[in-house]
Amino acid sequence: QNPKTSAIVKQLLAEGNAAELQKYFGSRMEFGTAGLRAAMGAGISHMNDLTIIQTTQGFCRYLEKNFSDLKKRGVVIGFDARAHLSSGGSSKRFARLAANTFISQGVPVYLFSDITPTPFVPYTVTHLKLCAGIMVTASHNPKQDNGYKVYWENGAQIISPHDKGISQAIEENQEPWPQAWNDKLIDSSLLLHDPYATVNKEYFKDIQKQCFHRNINKATNLKFVHTSVHGVGHKFVQLAFKAFDLSPPFAVPEQKDPDPEFPTVKYPNPEEGKGVLTLSFALAEKDGAKIILANDPDADRLAVAEKQESGEWKVFSGNELGALLGWWIFTCWKNHNRDNSAIKDVYMLSSTVSSKILRAIALKEGFHFEETLTGFKWMGNRAKQLMDQGKAVLFAFEEAIGYMCCPAVLDKDGVSAAVITAEMASFLATRNLSLSQQLKAVYDEYGFHITKASYFICHDPKVIQQLFDNLRNFDGKNTYPKSCGRFKVSGIRDLTTGYDSSQPDQKAILPTSKSSQMITFTFANGGVATMRTSGTEPKIKYYSELCAPPGNSDVEQLKKELDELVNALEKHFFQPEKNNLQRKTE
C-alpha cells in the first residue's frame, strides 16, 4: 500500500519491462543470521514496507512459539537515520511498521522515539530482560541500502538455527495482517513504550564501570576530533566523554548531523581508509587535536587515527587497535584485581580472521583466550555462555574495527570503544607516550603481529564458487594447494567443508557452514592467510598475518615477507585477471 513502491511497479508493468520486474520479484531477500540487508525499493528482493511487515510477522510468530511470556516481556526496536526518497522507505518508518505488527498481536514494544546507536538495542534487551531486539540499520553500507538486525533474549545476535526458523515463519506469514499498514495505531496503544530516556541514563552509568582514570581525564590537555560520518553517533559520543569527565571532542561540523545522503564521503565506512577521514584531518590540524575517533553511521564500529611526530597521520588497523585495547583493558583489570587467583576466570575473545595478538598476551599473562568464527554474533553468544558460568569476559574484537569493551553490551560498540580509547590515550600522555609508541611496546613485549587484509569485488556468484572449487581441487580432485608461489603450505582448514589438516581426525573444531566460503592456509614460515566471502557485500576478502616471538624486532623484514606472501596469494589463489575481479581502491 505504499504509493511510491506501488507506482514504481505499475510503471514497469506499463513499460512491459520484464527484466526489471524479474530483479524486483524474482527472489525474496534471504533472512540469515545477520537478518536482512538489501537496497530499499519495490519488490520482494528489496527493503520496503511490505517486506518489513512480512519479516516482522514471521519473526513475531517464531517468538510466540519460543517464549510463553512474550506478551509479558516484549521486544525492543531501534533505528538509524537512513531514508530513501524515491521509494518512501526509511529506518524510522520500517521500525514503526515492525512495532505495529507486534502490538497488533498484544506484544509490548519498547520503540526508541529517536535514532540510536546499534549497541543500544542489545543493551536494552539485556537491561529490560526482553525476549528479542530489532535494529533497523544498514550500518556502513551504501546510502540506498537498509537492514534488519535481530537479537535474541541473551542480548547477542541470533545464530543458527534461529535464522532458519525465522525464515520459514516469514514464508508462512506473507499476507499482511488486517491492520498491518496502519502504523498510526501504535501511538495510542498502551503496549507502546519509549525506552530512550531510561536507556540513555543507564547505559552511560554502566559504561562508567570501565572508567579508571577520572582525575587524568579531568586534567588532560589532549584534544580529540570525532566524526559520526553523517550517522547517529555524535550526541552519544559527546555524552560518553561527559560520563568519563573528558572534555568533549571537536565534532566535524559537516558530518555531525545525520544525513541519509552521506554527502561528503564516497562510502560511509571508516574502514575504507583515509578518504573518509579527510574532513577530520583538516579539523584536527585547525584545532591542534592529536587523535581522531571515527564511528560508522550506526556507531557500532570505531576507527582511530593519530598524528605522528613526522606530521603524518597514522590510521590504526582494526588489529592494531584491538592490540592496544586488549593491553589496556587487561592492564586496568590487573591494577584493580590484586588477587592473582582471579585470573583463571578471565577471558578475551577474537574472531578467527583477526590478529592472534590477544593469544600472545593471554599466554604470557595467564588468562584465557578463545577464538570464534567471524562476526560478533559468535563472540556475543560465546561471551554470554562464559559469563553465565561465572567467568569475566573483559574484551572481544574483530579486525573489521569492531570492539566489545564493556560486558553490558554483547555486541560491538563504537561509543564505549571511543571513550575508552580516549581515556587510554590520556593516560599514556601522562607517561609521554603516544598510541603508536605504546603499540610498539605491546609488540616488543608479546611479539610482533604484522597483518594485512584486503578484498576483491566480484558480482558473479558462479565465479566465486569456481574460485573456491579450484582451491579444493588444485592438483587433481580433492587436493588443496601444497604451496603458494615460493611459500610452502603446512596446514589447511576449510570451514565450508569442515576439513582441518591439523586435527587428528581431520575435522574442524569451529562450526562449519556450507552457505559461505572460508579457507585458512597456514604456511611453513609462520604466516596465516584466510580467504572468505562476505555475508553482506559482493566481496571476497582475505586476511593475512605473520607472528614473531618476542625479541624478533626486525619489523621491516617481517613486513617485506608478509607483502611477498600476500602478492603470491593474490597471484596464485585469487587470479584476479583470469577471474575478472575488481581490486579494492581507496
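Structure: above.
Not measured: the values here are computed from a predicted model.

1. With respect to the overall build of the chain
Looking only at helices and strands, the chain features 19 helices and 25 strands. Over its C-alpha trace the chain gives a radius of gyration of 24 Å, about what one expects of a compact globule, namely 25 Å for 586 residues. When its C-alpha atoms are laid out on the principal axes, the chain stretches across 70 × 65 × 50 Å. Classification of the 586 residues of the chain by burial places 58% in the buried group. A separation of at least 24 residues holds for 69% of the contacts in the chain among residues at least 6 apart in sequence. Carbon and sulfur atoms make up 51% of the accessible area of the chain, which totals about 24,300 Å². Averaging the positions of the 67 positive and the 64 negative side-chain charges in the chain gives two centres separated by 2 Å.

2. Points about the packing of aromatic side chains
Taken as a whole, this structure holds 23 aromatic pairs when the rule is applied. Taking 6.0 Å as the distance between ring centres and 25° as the angle between the ring planes, the aromatic pair formed by Phe330 and Trp333 counts as stacked. Here the residue Phe330 and the residue Trp333 both occupy positions in helix H12 (residues 318-336), the gap between them amounting to three residues, near one helical turn. The class for Phe330 is buried, based on a relative accessible area of 2%. Overall, Trp333 belongs to the buried group, its relative accessible area being 13%. Here the aromatic rings of Tyr480 and Tyr499 are separated by 5.3 Å at their centres, their planes lie at 5°, and the arrangement is stacked. One end of the pair, Tyr480, is in the loop between helix H17 (461-472) and strand E19 (483-484); the other, Tyr499, is in strand E21 (residues 499-500), and 19 residues separate them in sequence. One aromatic cluster is present, built from ring pairs that chain together Phe120, Tyr123, Tyr203, Phe204 and Phe236. Here the basic side chain of Lys539 rests over the ring of Tyr455, its NZ or CZ set 4.0 Å away from the ring centre.

3. Overview of the state of the cysteines
Applying the stated criterion across every chain yields a total of zero disulfides. Take Cys405: it sits in no disulfide, and the sulfur closest to it among the cysteines is that of Cys406, at 8.1 Å. Cys405 sits in the buried class, given a relative accessible area of 1%.

4. Some thoughts on the sheet that holds strand E14 (residues 346-351)
One open sheet holds the four strands; their spatial order is E15-E14-E16-E17, and the pairing between them is mixed. Pairing within the sheet leaves two strands with one partner each, and these edge strands are strand E15 (368-372) and strand E17 (402-404). Each adjacent strand pair in this sheet contributes to an overall mean axis angle of 15°, direction not counted. Sheet topology places strand E16 (residues 392-398) next to E17; three bridges connect them, and they run antiparallel. Following the sheet pairing, Phe397 is matched in E17 by Tyr403. Packed on one face of the sheet, H12 meets E14, E16 and E17 and runs near 170° to E16.

Analysis parameters
Residues numbered from 1 in each chain as written. Predicted model: local features only at pLDDT ≥ 70, side-chain atom pairs only at ≥ 80, totals over all residues. Heavy atoms only, no water. Helix = DSSP H or I, 4+ residues; strand = E, 2+ residues; numbered from the N terminus. Rg over C-alpha atoms; globule rule 2.2 N^0.38 Å. Buried < 20%, exposed > 50% of the residue type's maximum accessible area, 1.4 Å probe, protein only. Contact = heavy atoms within 4.5 Å. Areas by Shrake-Rupley, 256 points an atom, 1.4 Å probe, with all protein chains shown as cover. Lys, Arg positive; Asp, Glu negative; His and termini not counted. Charge placed at Lys NZ, Arg CZ, Asp CG, Glu CD. Phe/Tyr/Trp six-rings, centres within 6.5 Å; stacked < 30°, edge-to-face > 60°. Lys NZ or Arg CZ within 6 Å of the ring centre and 35° of its normal. Disulfide = S-S within 2.5 Å. Pairing = 2+ DSSP bridges. Axes fitted to C-alpha atoms, helices over the stretch in contact; angles between N-to-C directions.

Just distances and angles here, no functional claims.
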